[in-house]
Amino acid sequence: MCGIIGVSASTKNVSPIISLGLRRLEYRGYDSVGAALISDGKIMVWKAKGDVQSFLRRFKLEEKEGKTGIGHTRWATHGAPSDVNAHPHLDCSGKIAVVHNGVIRNFAMIKKVLEARGHRIVSETDTELIAHLIEDELPFSSSFFEAFYRAVSRLDGSFAIVALYGEEPNRVYFARMKSPLVLGLGEGLNIVASDIPAIIDHTRRVATLEDGELGWLDDKEVRVFSLTEQGVVEVSREEIRNRIITVDWSFEEANRLGYPHFMLKEIVEQPLAVKNTYDGNVDEPMLSFAASLLLDAKRIIVVGAGTSYHAALALSYYLARTSRLPSLPVISSEHKSAERFVEEGDVVVAISQSGETYDTLEAVRAFKRQGAKAIGITNVVGSALSRETDVVIYMRSGPEIGVAATKTYTSQLMVASLLSLRAAQARGLLLEGEVQELLRRLSLSPEILKAAVSASMKIVGKAPLVGVRSMYVLGRGLGHIISKEAALKIKEIAYVHAESYPAGESKHGPIALVEPGFPVFFVATSDSPEIEGNIMEMAARGARVVVVRPEDLDVHAPEGTELIDMPPAGNDVMLEPYSMMPYFQVLAYVEAVARGYDPDKPRNLAKTVTVE
Ligand code: F6R
């Protein structure tokens, strides 16, 4: 995790740019913060455990002077959050400062070697070792850059690194290996950062870096090199120029726009996000190309992590139902289970909002090594997933800042529906008229979402889970898939233990926990009328039964059931998630706020999970 930024500017003081960058990157990690500036040839460092606001207030960073600097917001991996473990880290001489995102796998071995060579290591982090490693290479190198790349080539793992060297007061060094890093190319200023929001207030010209690339920037130029077995080879300026994209969204679009939290804003934004996903993909040739790959596939594997795994389950469900294509859903971090049988002719569909989730990328890489083709579904243009897959479908939901996935989940569902529809069409399972009718129905999803968000808002201020510490969320078929995402939202945002289970399976064990008053939520969908039996079973044991359903779905529930009526979805499984998901998102949000938690920064979580 972690957010990093490095800036060099000719006329400006860079401390306000770093301060703003830290605020923009805080979603990537928020347990400690730090910055370093080169001032009069000396490296000055400020760092502390805590959040960005307190850090900026305490050190008045914006008032500090320096035309070159780096910043870091941390999500701890090696060593607990503390002042000393906060980045930047210095070498023994205090001339080299390093910030880093990722994990150095050969950390223990490097530490031993460095200690044996007399380096004084003061923190528990793997990052500090990088500063000492560069220092160690310096006497054997003809330039700082050589020492930098020699050190980087000794690292094993996933990392994005940004470094300063006091004797080169205009330069910022950087390296990328499996952790995100982008360049912002401005006038009299250049920036390197983990993500675009840290850059766009200063320049809209952004270029991504590839894994294994490193280099340096100053106020005038950026030089990028590729690390090879023989040393480094410069990446041509033309190649970098070709990579430049002009970012056309403003931070204002990603800003809270008056909402108390990003999560709420993003829940409310869902109709627009899903409309953009629909409009941007309905006639997208890549979607049809991806569908044709699925048709030719020997086997289809769908992977994702967290919410994106739940979208993968939905894709698998729609592929079976609409396109009659079997597929195997695999949790990204469990991809080894499938690795043994994946072979040429297979196709993996990887879903990741950020396109940078380590486990998902590793799954794609492993399956590709076995000969599979890969389709990526992501929200982030230029992300690692978009570059490492054979075909990419963009969700186009706009930036999502809240840590919990909300609008990107419903956008992922839209891609899943469109993809399975195109696959069914390509298989000849649907006539042209039927395709058009299904597309027309799908185009109603923004309206359904709008009505669902506004119906859900009625619970704001009511906190229906007051006093609840544990609950079930049950469903069958599509309802089970929705219930998994519902339970995840409640767990991660409201910190209530919410367990999703297939409703039919709940009588094979979980029902033992049910005692009078125990909350059991049901997600009722049109594919599974059998759920009524499961509702009766729970009611008979005195559970507090809550049934969430689209209001046009008939569900017979016993007296005493709390019935949550959501907008009609025409008994259509492609539309039902849009009718019901907002209720659970708002429920998690409302409960978190009522309990005094910050829904935008759930504890122990980060937006982009770039560690194994
Ligand atoms: C939950 C959530 C996470 C992510 C997961 C994968 O609200 O946001 O579970 O879904 O970390 O992230 P992406 O989609 O970026 O691969």
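All of these numbers come straight from a predicted model, not from anything done at the bench.

Peer 1: Go over the overall build of the chain with me, naming the residues and quoting the values.
Peer 2: If you tally the helices and strands in the chain, you get 20 helices and 25 strands. Taken over the C-alpha trace, the chain has a radius of gyration of 25 Å; the compact-globule value for 612 residues is 25 Å, and the two agree within 12%. Counting only residues that meet the buried cut, the chain has 61% of its 612 residues in that class. Pairs at least 24 residues apart make up 71% of the contacts formed inside the chain by residues separated by at least 6 positions. Mean positive and mean negative side-chain charge positions of the chain (67 and 78 charges, respectively) differ by 3 Å.

Peer 1: Talk me through the site of the ligand; I want residue IDs and the actual numbers.
Peer 2: Around the ligand, a shell composed of 15 residues is seen, among which Ser 308, Ser 352, Ser 354, Thr 357 and Glu 492 lie nearest. Between an oxygen atom of the ligand and a main-chain N or O atom of Thr 307, the distance comes to 3.1 Å. For the ligand, whose free accessible area comes to 400 Å², the fraction covered by protein is 90%. Elements supplying a minimum of two residues to the shell around the ligand: helix H11 (306-322) and helix H18 (478-494). When residues of the shell around the ligand are assigned to domains, at least three fall in each of domain 2 (267-443) and domain 3 (459-594).

Peer 1: Go over the environment of Asn 281 with me, naming the residues and quoting the values.
Peer 2: Among the secondary structure elements, Asn 281 is positioned in helix H9 (residues 270-281). We classify Asn 281 as buried; its relative accessible area is 1%. Expressed as a C-alpha distance, the spacing of Asn 281 and Ile 393, which sit 112 residues apart in the sequence, is 7.8 Å. Sequence-distant contacts of Asn 281, that is, excluding residues within four places in its chain, are made with Leu 287, Ile 393, Tyr 394, Arg 396, Val 415 and Leu 418.

Peer 1: Lay out the environment of Arg 387 in plain terms, naming residues and giving numbers.
Peer 2: Structurally, the position occupied by Arg 387 is in helix H14 (residues 384-388). A residue is classified by how much of its surface remains accessible, and Arg 387, at 26% relative accessible area, is partly exposed. Separated by 11 residues in the primary sequence, Arg 387 and Gly 376 have C-alpha atoms spaced 8.9 Å apart.

Peer 1: Which residues make up the sheet that holds strand S7 (residues 157-165), and what values do they have?
Peer 2: In space, the 7 strands of this open sheet follow the order S5-S6-S7-S8-S12-S13-S14, with antiparallel pairing throughout. Two strands in the sheet have a free side with no partner beyond their single neighbour: strand S5 (89-90) and strand S14 (231-234). Across the face of the sheet, helix H4 (residues 127-137) comes into contact with S5, strand S6 (96-104) and S7 while running at roughly 130° to S6.

Peer 1: Before we move on, can you summarise the sheet that holds strand S11 (residues 205-208) with the specific residues and values?
Peer 2: Read from one edge of the open sheet, 8 strands run S3-S2-S4-S1-S10-S9-S11-S15, paired in antiparallel fashion. The outermost strands of the open sheet, each flanked by one partner alone, are strand S3 (42-49) and strand S15 (245-246). Bridge count for strand S1 (residues 3-9) against strand S4 (residues 68-74) is 6 bridges, and the pairing is antiparallel. Residue pairing across strands places Gly 6 opposite Ile 70, the latter belonging to S4. Against the sheet, helix H1 (residues 15-25) touches S1, strand S2 (32-39), S4 and strand S10 (189-193), its axis set at about 160° to S1. Strands in contact with helix H2 (residues 52-59) are S2, S3 and S4; relative to S3, the strand with the most contacts, it is inclined by about 130°.

Peer 1: Which residues make up helix H5 (residues 144-152), and what values go with them?
Peer 2: Most of H5 is tucked away, with 8 of its 9 residues classed as buried. Here H5 has its buried residues at Phe 144, Phe 145, Glu 146, Ala 147, Phe 148, Tyr 149, Ala 151 and Val 152.

Peer 1: For the packing of H1 against H2, give the residues involved together with the corresponding values.
Peer 2: Look at H1 against H2: their axes get within 10 Å of each other, and the N-to-C directions meet at 160°. When the axis of H1 is compared with that of H2, the two are roughly antiparallel. Read as a crossing pair, H1 and H2 show a hand that is left-handed. For the pair formed by H1 and H2, the contact residues are Ser 19, Leu 22 and Arg 23 on the first element and Val 52, Gln 53, Phe 55 and Leu 56 on the second.

Peer 1: Explain the packing of aromatic side chains to me, using residue names and the numbers behind them.
Peer 2: Tallied over the entire structure, the rule returns 13 aromatic pairs. Ring centres 5.3 Å apart and planes at 80° place the aromatic pair Tyr 583 and Phe 584 in the edge-to-face group. Side by side, Tyr 583 and Phe 584 carry an identical accessibility label, which is buried. Every member of this aromatic cluster is reached through a ring pair, and the members are Phe 144, Phe 145, Phe 148, Tyr 149, Tyr 165, Tyr 173 and Phe 225. Just above the ring of Trp 216 sits the side chain of Arg 171; from NZ or CZ to the centre is 3.5 Å.

Peer 1: How would you explain the domain arrangement of the chain if you had to name every residue and give the values?
Peer 2: As assigned here, the chain comprises domain 1 (3-255), domain 2 (267-443) and domain 3 (459-594). For domain 1 versus domain 3, the separation of C-alpha centres amounts to 45 Å.

Peer 1: Before we move on, can you summarise H2 with the specific residues and values?
Peer 2: Those residues of H2 that sit buried are Val 52, Phe 55, Leu 56 and Phe 59. Summarising the axial view, the buried residues of H2 lie within an arc of 95°, below the 170-degree limit, and thus occupy one face. Exposed and facing more than 90 degrees away from the buried side of H2 are Arg 57 and Arg 58. Of the residues flanking the end of H2, it is Lys 60, one or two places downstream, whose phi is positive at about 45°.

Peer 1: Please provide a residue-by-residue account of the pattern of salt bridges, values included.
Peer 2: In the structure shown here, the tally under the stated rule is 36 salt bridges. Residue Arg 23 pairs with Glu 62 through a salt bridge whose shortest N-O separation is 3.7 Å. Of the two residues, Arg 23 is situated in helix H1 and Glu 62 in the loop between H2 and S4; the sequence distance between them amounts to 39 residues. When its relative accessible area of 34% is taken as the criterion, Arg 23 is described as partly exposed. Across the salt bridge formed by Lys 265 and Glu 269, the nearest N and O atoms sit 2.6 Å from each other.

Peer 1: Tell me what's going on with the side chain of Thr 357, and back it up with residues and numbers.
Peer 2: Within the secondary structure layout, Thr 357 lies in the loop between strand S18 (347-352) and helix H13 (358-369). Exposure remark for Thr 357: the relative accessible area of 14% places this residue in the buried category. Discounting residues that sit within four places of it in the chain, Thr 357 has contacts with Ala 305, Ser 352 and Val 609.

Each value, and the rule that gives it
- Residues numbered from 1 in each chain as written.
- Predicted model: local features only at pLDDT ≥ 70, side-chain atom pairs only at ≥ 80, totals over all residues.
- Heavy atoms only, no water.
- Helix = DSSP H or I, 4+ residues; strand = E, 2+ residues; numbered from the N terminus.
- Rg over C-alpha atoms; globule rule 2.2 N^0.38 Å.
- Buried < 20%, exposed > 50% of the residue type's maximum accessible area, 1.4 Å probe, protein only.
- Contact = heavy atoms within 4.5 Å.
- Lys, Arg positive; Asp, Glu negative; His and termini not counted.
- Charge placed at Lys NZ, Arg CZ, Asp CG, Glu CD.
- Near = heavy atom within 4 Å.
- Polar contact = N/O pair within 3.5 Å; in protein donor to acceptor, adjacent residues only side chain to side chain.
- Areas by Shrake-Rupley, 256 points an atom, 1.4 Å probe, with all protein chains shown as cover.
- Domains from an automatic or database assignment.
- Pairing = 2+ DSSP bridges.
- Axes fitted to C-alpha atoms, helices over the stretch in contact; angles between N-to-C directions.
- Parallel < 35°, antiparallel > 145°, perpendicular 65-115°, else oblique.
- Left-handed = near helix turned anticlockwise from the far one by under 90°.
- Phe/Tyr/Trp six-rings, centres within 6.5 Å; stacked < 30°, edge-to-face > 60°.
- Lys NZ or Arg CZ within 6 Å of the ring centre and 35° of its normal.
- Arc of directions from axis to C-beta.
- Salt bridge = Lys/Arg side-chain N within 4 Å of Asp/Glu carboxyl O.

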